[in-house]
Amino acid sequence: MMKSALGRFRVISIIEGVSTILLFLVAIPMKYALDIPMAVKIVGPLHGLLFLIYLVMLVSTWASQQWPLRMFIVGLFAAVPPFGTFLYDHFMVKPLDSP
């Protein structure tokens, strides 16, 4: 999976998706429900970095794979909600990576 640009993009999109879930469903509730702000101070910047890497990899993969603009735009929007990158990978990217 890591040998191609598409495979590397799939890996980073899964990692970014996990960081989104950790931020929204673990760190933020810990901050507000349990008064533990340190969780957001750790997970927040990590998620931000992974989000930027995801965007760079999306642009790179879009250009190298010559995807239509629609694939790029859906990839942008998929990065916002929790589970979005998983759905994007499963329904739009994975079929392109299958041998």
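About the thresholds
Residues numbered from 1 in each chain as written. Predicted model: local features only at pLDDT ≥ 70, side-chain atom pairs only at ≥ 80, totals over all residues. Heavy atoms only, no water. Salt bridge = Lys/Arg side-chain N within 4 Å of Asp/Glu carboxyl O. Helix = DSSP H or I, 4+ residues; strand = E, 2+ residues; numbered from the N terminus. Buried < 20%, exposed > 50% of the residue type's maximum accessible area, 1.4 Å probe, protein only. Axes fitted to C-alpha atoms, helices over the stretch in contact; angles between N-to-C directions. Parallel < 35°, antiparallel > 145°, perpendicular 65-115°, else oblique. Contact = heavy atoms within 4.5 Å. Nonpolar A, V, L, I, M, F, W, Y, C, P; charged D, E, K, R; others polar. Expected span 1.5 Å × (residues − 1). Phe/Tyr/Trp six-rings, centres within 6.5 Å; stacked < 30°, edge-to-face > 60°.

Undergrad: Help me understand the pattern of salt bridges, please; the structure alone is not making it clear to me.
TA: If charged atoms from side chains of opposite charge come close, those side chains can pair. Per the stated rule, a full pass over the model turns up one salt bridge. A salt bridge links Arg10 to Asp89; the shortest N-O distance between them is 2.6 Å. Of the two residues, Arg10 is situated in helix α1 (residues 5-33) and Asp89 in helix α4 (residues 84-97); the sequence distance between them amounts to 79 residues. Accessibility classification places Arg10 together with Asp89 in one group, the buried group.

Undergrad: Even after reading the chapter, I still don't get the packing of α1 against α4, so can you show me in this structure?
TA: A pair of packed helices is captured by two measures, namely the crossing angle of their axes and the spacing between those axes. In contact at an axis separation of 10 Å, α1 and α4 are set at 170 degrees when each is read in the N-to-C sense. Here α1 is positioned roughly antiparallel relative to α4, judged by the angle of their axes. Packed against α1, whose contacting residues are Leu6, Gly7, Phe9, Arg10, Ser13, Ile14, Glu16, Gly17, Val18 and Ile21, the element α4 presents Thr85, Phe86, Tyr88, Asp89, Val93, Lys94, Leu96 and Asp97 at the interface. Considered class by class, the residues forming the contact of α1 with α4 number nine nonpolar, four polar and five charged.

Undergrad: Is there a simple way to explain α1 in this structure?
TA: Every α-helix carries 3.6 residues per turn, so stepping three or four residues along brings you back to the same face. Here α1 spans 40 Å end to end across 29 residues, near enough to the 42 Å set by a 1.5 Å rise per residue. Positioned one or two residues after α1, Asp35 has a phi angle of 55 degrees, which is positive.

Undergrad: It is not clear to me how the packing of aromatic side chains should be interpreted in this structure. Could you clarify?
TA: One pair of aromatic rings is described through two measures. These are the centre distance and the angle between the planes. What the rule picks out here adds up to five aromatic pairs. Here the aromatic rings of Phe9 and Tyr54 are separated by 5.4 Å at their centres, their planes lie at 35 degrees, and the arrangement is tilted. Here Tyr54 lies in helix α2 (residues 38-65) and Phe9 lies in helix α1, a separation of 45 residues in the sequence. Taken individually, Phe9 and Tyr54 each receive the classification buried, so the pair is uniform in this respect. Grouping aromatic residues by their ring pairs yields a cluster made of Phe9, Tyr54, Trp67 and Tyr88.

Undergrad: Is there a simple way to think about unusual backbone geometry in this case?
TA: With glycine set apart, most residues show a phi of negative sign, and most peptide bonds adopt trans. One non-glycine residue, Gln66, adopts positive backbone phi at about 55 degrees. Among the structural elements, Gln66 can be located in the loop between α2 and α3 (69-78). Located in the positive-phi region is Phe83, a residue other than glycine, with phi close to 75 degrees. According to the relative accessible area criterion, Phe83 is partly exposed, its value standing at 44%.

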